[in-house]
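The residues making up each chain are set out below.
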Amino acid sequence: MISSVRGEVLSVGLDHVVVEVGGVGFAVQATPATLATLRRGEEARLHTALVVREDSLTLFGFADADARELFGLLQTVSGIGPRLALATLAVLDPDKLRAALVEGNITVLTSVPGIGRKGAERLTLELRDKVTALGSGDAPAVTAPGAVRSEVVEALAGLGFPAKQAEQAVDKVLADGDGHTTASVLRAALATLGRKR
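Values in this document were obtained by computation on a predicted structure and should not be read as measured data. (Residues numbered from 1 in each chain as written. Predicted model: local features only at pLDDT ≥ 70, side-chain atom pairs only at ≥ 80, totals over all residues. Heavy atoms only, no water.)

Caption draft 1: Spotlight on the overall build of the protein. On a plain count of helices and strands, the protein comes out with 9 helices and 5 strands. Secondary structure of the protein in N-to-C order comes out as β-β-β-α-β-β-α-α-α-α-α-α-α-α. Within the span of the protein, comprising 197 residues, buried residues form 42% of the whole. For the protein, the exposed area adds up to about 10200 Å²; of that, 51% sits on carbon and sulfur atoms. (Helix = DSSP H or I, 4+ residues; strand = E, 2+ residues; numbered from the N terminus. Buried < 20%, exposed > 50% of the residue type's maximum accessible area, 1.4 Å probe, protein only. Areas by Shrake-Rupley, 256 points an atom, 1.4 Å probe, with all protein chains shown as cover.)

Caption draft 2: Spotlight on the pattern of salt bridges. Summed over the entire model, instances satisfying the criterion amount to 4 salt bridges. For the salt bridge of R6 with E43, the shortest nitrogen-to-oxygen distance reads 3.7 Å. A residue pair is termed long-range when its members are at least 10 positions apart, and R6 in strand β1 (residues 4-12) and E43 in strand β4 (residues 43-53) qualify at 37 residues. Its salt-bridge partner being R187, residue D93 comes within 3.7 Å of it at the nearest N-O pair. (Salt bridge = Lys/Arg side-chain N within 4 Å of Asp/Glu carboxyl O.)

Caption draft 3: Quick peek at the packing of helix α2 (residues 65-74) against helix α3 (residues 82-91). Closest axis-to-axis distance for the α2/α3 pair is 9 Å, and the angle between their directions is 135°. For the element pair α2 / α3, the angle class is oblique. Between α2 and α3 lies a crossing of right-handed hand. On the side of α2, the interface is formed by A67, L70, F71 and L74, while α3 contributes P82, A85, L86, T88 and L89. Across the contact of α2 with α3, the residue classes break down as 8 nonpolar, 1 polar and no charged. (Axes fitted to C-alpha atoms, helices over the stretch in contact; angles between N-to-C directions. Parallel < 35°, antiparallel > 145°, perpendicular 65-115°, else oblique. Left-handed = near helix turned anticlockwise from the far one by under 90°. Contact = heavy atoms within 4.5 Å. Nonpolar A, V, L, I, M, F, W, Y, C, P; charged D, E, K, R; others polar.)

Caption draft 4: Region of the structure containing the sheet that holds strand β5 (residues 56-62). With mixed pairing, 5 strands are arranged side by side around a closed barrel as β1-β2-β3-β5-β4. The average undirected angle you get between the axes of adjacent strands in this sheet is 55°. In this structure, strand β2 (residues 16-21) lies alongside strand β3 (residues 24-29), joined through 6 bridges in antiparallel fashion. Bridge pairing in β3 places V18 opposite A27. Packed on one face of the sheet, α2 meets β4 and β5 and runs near 10° to β4. (Pairing = 2+ DSSP bridges.)

Caption draft 5: Region of the structure containing the side chain of S111. With respect to the helices, strands and loops of the structure, S111 is situated in the loop between α5 (106-109) and α6 (117-127). Here V108 takes part through its backbone oxygen, which lies 2.5 Å from a polar atom of the side chain of S111. In this view, S111 contacts V91, L92, L190, A191 and G194; residues no more than four positions away in its chain are not counted. (Polar contact = N/O pair within 3.5 Å; in protein donor to acceptor, adjacent residues only side chain to side chain.)

Encoded structure:
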């Protein structure tokens, strides 16, 4: 299994990054918050999980080992595949996710697009005892609101939301003052869009 990659960032897409390792470019799927920390031409190190399917090999990358462990844990629950596990980590940071699972907070879990009430109940039932309230990374750097807005709108469009709907959700979050980092604005915007569905 490929548990980490380190090398020059060749390109950063809406849902993936290409990292050159020993002359080979690895496409790594990642959350918008992780992608926002990467810059083309700079060296990056990502903790990774390799998901093997009959017709594909897909690498998923995370800023820290904590998020990677939760990614694997989420997939042990029936009905949660790698895409939904990644979406969950895009909306909820590891600490919030752990807290929601331990407390059985269905409202927080259903803020993830694709997770309904039954799915949220199954998650808490199966994972409550497996998660611990440990682990927290460094606080993300604060970015200018204009840059945050364009990054988050682009990320939401990459996740399949219509551009106009994405812009309205991001503008509402920024107006409400729900944080000014790309990750916090993205989480709040995804929660807003999730409620509309």
